[in-house]
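Analysis of the macromolecular model
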Amino acid sequence: MSTPRVGSLAVQSSRYLCYYRNTSDSIQQIYLSNQPTWQRVVFPGQQLLFHGDATADLIISSEQGVRCCPCESLRIEEKGRSVPEPTEPVSSLCPYCGVGCGLEAVPQGKGSYKIRGDRQHPSSQGMVCVKGATILEALDRDRLAYPLWRERLDQPFTVISWDEAMTRLVERIEWVRRQQGADAICMYGSGQFQTEDYYVAQKLLKGCLGTNNFDANSRLCMSSAVSAYMASFGADGPPCCYDDLEATDCAFLIGTNTAECHPIVFNRLRNHHKRDRRVKLIVVDPRRTPTAEVADLHLAIRPGTDIDLLHGIGHLLLQWGQIDAEFIEECTEGFAEYVKLLAAYTPEWVAERCGIAQGDLEQAARYWGHAQAVLSLWSMGINQSAEGTAKARCLINLHLLTGQIGRPGSGPFSLTGQPNAMGGREAGGLSHLLPGYRQVTNPQHRQEVEDFWGLPRGQISDRPGRTAWQIVEGLERGEVGLLWIAATNPAVSFPHLERAKAAFLKSPFTVYQDAYFPTETAAYAHLILPAAQWSEKTGVMTNSERRVTLAPAFRSPPGVARADWEIFAEVGRRLGYERLFNFADAAAVYAEFVQLTAGRPCDQSGLSHERLARLGALQWPCPAGTSDEEARKPKRLYTDWRFHTPDQRARFCLAHSQGVAEPTDDIYSFTLTTGRLYGHWHTQTRTGRIAKIQKMHPDPFVEMHPDDAANLHLKDGDWVEVRSRRGQVCLPVILTKAIRPGTLFVPMHWGFLFADSGEANQLTHPIACPVSQQPELKACAVQVLPLKLRQTPYTPTVQESGIALKQ
Ligand code: SF4
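Residues numbered from 1 in each chain as written. Predicted model: local features only at pLDDT ≥ 70, side-chain atom pairs only at ≥ 80, totals over all residues. Heavy atoms only, no water.

**Here we look at the overall build of the protein**
Definition in use: Helix and strand assignments follow DSSP, with helices taken as H or I runs no shorter than four residues and strands as E runs no shorter than two, numbered in order from the N terminus. Three labels apply to residues, based on accessible area from a 1.4 Å probe with only protein chains included: buried if under 20% of the type maximum, exposed if over 50%, partly exposed otherwise in between. Residue contacts are defined here by distance: any two heavy atoms, one from each residue, within 4.5 Å place the two residues in contact.
Secondary structure assignment for the protein yields 25 helices and 36 strands. Counting only residues that meet the buried cut, the protein has 65% of its 807 residues in that class. For the protein, contacts bridging at least 24 residues in sequence account for 74% of all contacts bridging at least 6.

**Here's the deal with the site of the ligand**
Rules: Being near a molecule or strand, for a residue, comes down to having at least one heavy atom within 4 Å of it. Side-chain classes are defined by residue name, with Ala, Val, Leu, Ile, Met, Phe, Trp, Tyr, Cys and Pro counting as nonpolar, Asp, Glu, Lys and Arg as charged, and the others, Gly among them, as polar.
Around the ligand, the neighbouring residues are Cys94, Tyr96, Cys97, Val99, Gly100, Cys101, Val128, Cys129, Lys131, Gly132, Pro263 and Ile264. Elements with a contribution of two residues or more to the shell around the ligand: helix H1 (130-133) and helix H6 (263-275). Classifying every residue of the shell around the ligand by side-chain character gives nine nonpolar, two polar and one charged.

**With respect to the confidence of the model for the protein**
Put simply, the test is: pLDDT is a per-residue confidence score from the predictor, ranging from 0 to 100.
Averaged over every residue, the pLDDT of the protein is 90; the share at 70 or more is 88%. A low-confidence stretch, residues 67-75 stays under pLDDT 50, and its non-local contacts, those more than four residues away or across chains, total 24 contacts.

**Topic: the sheet that holds strand E18 (residues 374-378)**
Selection criterion: Between any two strands, pairing holds if DSSP finds at least two bridges. Axes, fitted as lines to C-alpha atoms, cover a helix only where it is in contact. Angles between the N-to-C directions of the axes lie from 0 to 180 degrees.
Judged by pairing direction, the sheet is parallel, and its five strands sit side by side in the order E16-E15-E14-E18-E19 without closing on themselves. Each edge of the open sheet is held by one strand with a lone partner, namely strand E16 (297-299) and strand E19 (411-414). With strand direction ignored, the average angle separating the axes of adjacent strands in the sheet is 15 degrees. Looking at chain direction, strand E14 (residues 250-254) and E18 are connected through five bridges and run parallel.

**A short note on helix H14 (residues 388-402)**
To be explicit about the condition: Multiply 1.5 Å by the residue count of a helix minus one, and that product is the helix's expected span.
The end-to-end C-alpha distance of H14 is 22 Å, a good match for the 21 Å that 15 residues give at a rise of 1.5 Å each. Judged by how many residues are buried, H14 sits mostly within the fold: 15 of 15 residues are covered.

**Details of the side chain of threonine 645**
We apply this condition: We call two N or O atoms a polar contact when they sit within 3.5 Å, provided that within protein one can donate a hydrogen and the other can accept it, with sequence-adjacent residues counted only if both atoms are side-chain atoms.
Inspection of the secondary structure assignment puts threonine 645 in the loop between helix H23 (628-632) and strand E28 (650-651). Within the structure, the side chain of threonine 645 is placed 2.6 Å from the backbone oxygen of arginine 649, a separation counted as a polar contact. When sequence neighbours within four positions are dropped, the list of residues in contact with threonine 645 reads Phe233, Gly234 and Arg651.

**Digging into the state of the cysteines**
Disulfides are covalent bonds that connect the sulfur atoms of two cysteines. Stated formally: Two cysteine sulfur atoms form a disulfide, by the criterion used here, when they sit within 2.5 Å.
Here the structure, examined in full by the defined rule, presents zero disulfides. Distance from the sulfur of cysteine 394, which forms no disulfide, to the nearest cysteine sulfur (cysteine 653) is 4.1 Å. With relative accessibility at 0%, the residue cysteine 394 sits in the buried group.

**Let's talk about the pairing of strand E9 (residues 112-117)**
Every other side chain in a regular strand lies on the same face of the sheet, so the side chains alternate between the two faces. Because side chains alternate across E9, one face comprises the buried residues Tyr113, Ile115 and Gly117, and the other comprises Ser112, Lys114 and Arg116, none of which is buried. Pairing between strand E8 (residues 102-109) and E9: six bridges, direction antiparallel. The partner of glycine 109 across the bridge, within E9, is serine 112. Remark: two residues form the turn of the hairpin made by E8 and E9, two consecutive strands paired antiparallel; lysine 110 in that turn has positive phi of roughly 55 degrees.

**Focus: the pattern of salt bridges**
Definition in use: Criterion for a salt bridge: a side-chain nitrogen of Lys or Arg within 4 Å of a carboxyl oxygen of Asp or Glu.
One pass over the structure, following the stated rule, counts 42 salt bridges. Close ionic contact of arginine 463 with aspartate 183 constitutes a salt bridge, the shortest N to O distance being 2.4 Å. One end of the pair, arginine 463, is in the loop between helix H16 (443-453) and helix H17 (468-476); the other, aspartate 183, is in the loop between helix H2 (162-179) and strand E12 (185-189), with 280 residues separating them in the sequence. A residue is classified by how much of its surface remains accessible, and arginine 463, at 47% relative accessible area, is partly exposed. Aspartate 628 is the salt-bridge partner of arginine 614, the closest N and O atoms lying 3.2 Å from each other. Of this pair, arginine 614 sits in helix H22 (residues 609-615) while aspartate 628 sits in helix H23, and the two are 14 residues apart along the sequence. Arginine 614 sits in the partly exposed class, given a relative accessible area of 47%. Since its relative accessible area comes to 29%, aspartate 628 is described here as partly exposed. Each of the salt bridges in this network shares a partner with another, and the network as a whole consists of Asp140, Arg143, Glu536 and Arg555.

**Focus on the nonpolar core**
Test applied: Only buried residues count toward a nonpolar core. Its members are Ala, Val, Leu, Ile, Met, Phe, Trp, Tyr and Cys residues joined through side-chain atoms within 4.5 Å.
If you look at the biggest cluster of nonpolar residues, it comprises 107 residues, and the most contacted ones within it are Leu169, Trp484 and Phe494. Looking at this core, the element that brings in the most residues is helix H3 (residues 195-209), giving eight residues. Ignoring sequence-local partners within four residues, the contact set of leucine 169 consists of Leu482, Trp484, Phe509, Val511, Leu527, Leu529 and Val571. In this structure, Ala235, Leu316, Ile328 and Ala371 belong to the second largest nonpolar core, which totals 54 residues.

Set out below in structure tokens:
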């Protein structure tokens, strides 16, 4: 973009922060010449913050042309933390998805680095995808460097010191505790947290404050998998490891576009599949995704018929006698009832219900039944459902029926979306959990944690806290006096987005703690706290195969940003819990946490920062006393076929299919499914700022089958309004036979900062699985209205920051 220079702004040193305030009512683009990244100024009144160390020119472009805008500069006296520059390559892990690939940051001098895959990391063996490879580009763009404050959402932010920020926050916490009680305080955290962040947040909220209102974006991602493992096996924890990807002879992928969303897991599986023609790959997905493209068998079932399909396969395996009678007899409960349930799922009925050929259903059952080792993989397509727990458990049923668990190449393997969703589970990072795979409803578990923390018995509440969507409902009813959001962007990712945003506007006090500014959620915040992110703070993360990797700090955080756990610990100390939050460093936090895992299913009492630095990434269980040699071996759970239930037997699930929560009808005649694209990550706070990824996926779109397009007289590239009972978006159509007729696909990555009217979650609903409380983000009923021209389909009624959004 070539724009004449206008205005000049002196940025005299790194101790100065300059801010620009958009006083016009148009969207603008702006940059400083020493930080040449265009930034969008979306809201009238919105401020952009810059910090630099050289004289810079301010360059502004707007719809009204180019003009000189008033700028101010403000001196910041606080010093940030300085991290010494390493001279050797630093081993870390990719902070994007749950695959957890090893990365190496190779110093190039003067604070610059090259990123490459870490060949020593057992999970990824040197491989990385585009996100991991470009991570460095996102680290210095639009960083939040200083605390910001405003009394009301229609005011501009003011830069404040940490001391003032902490004082304001702690005073508010104490006031809300006195006025409304601790349950009026809610924290919504993130699978982007390191385990240390998760752990200190649990200690603060569930321990010291005595409220279980800590939930995380993992609720929207994999809480159904947690519930399913707990109900079927008596404890959470994926039983498999990535070595199983090369040991299986039948991979059954359901509700996972692994090629795009977990690319390095897929690379390993695909290479194995290519090398050995006997290996079968079955993919179940309404879309012919890149994953389905290479499958031996693609079952494009109707959305919401997963349980019917799984029971149909079970019916055939039982009918053909391809079951493991000894395993069933010795290791399971509920088989007789399961047999009765399967009787109704005849192949004819199932094929009709799922919209697939009966021969394909039988082929899937044959592949499963003939295999020596069956590995099933799943992710959001199963979890994000109003019957997500039942779906995952019905998949586990097939493993129990055939004894396909606890052996190389076999088992039900959920893939986590976020880099440390697993660590969150271990540290108790959902509103019904406590550290060490404990439950808040279990009196013994509460007592163990209270005793460990030195808190009085009864301090931890016996009631599960608010889940993600229950926080929204609490805001609507005025029951939340303080909302604290950290490392996540719910103003894009929540279902029924218009309702969620309206609820955020009702929050009397919202703290938003993040690494980036602006984000969509920042528009709803009163107090903004700058967080250090990957590369700037030390901590561990656990990937999908239960492998814990140390990610050390090797760069200085911008401005005065701090690690999330340091922020939580300071609040704890200021609330009077000095002794409980007096951690010397992140290693001390982790050392305390692992003691709470001793003797638990997720035992990592044999791990420490020092050991992980010395031996590299290690899997749990790793109890104290595990030798280095043992610690390095790949680990599977349930190799002795003894489970964590009271009688050590796994449980068959007896659920029938309910279908999608919002079926189609004559008015809303399409089923919309949402999902991710290869390059982008979630709400684009990082990837939206990386040129290469923006080029790959510049804009949102809706995929439609050509037969549906013909009925609506649409051609490729035409604009449509996609409308549900809750909201609407305006998107160009991409025609593809890769999607079932009657089904549409919209990627979930776009919020209002990166596109006009492309928010997929304007359409989705919050109806959730009754067990896991995970909303059904994967399916809702919509209609499609052709638009003559590209146009904005609606004027928002909800005020953003007290000011209507300019579309
Ligand atoms: S597959 Fe996931 S963890 Fe691996 S490099 Fe890509 S985004 Fe990162």
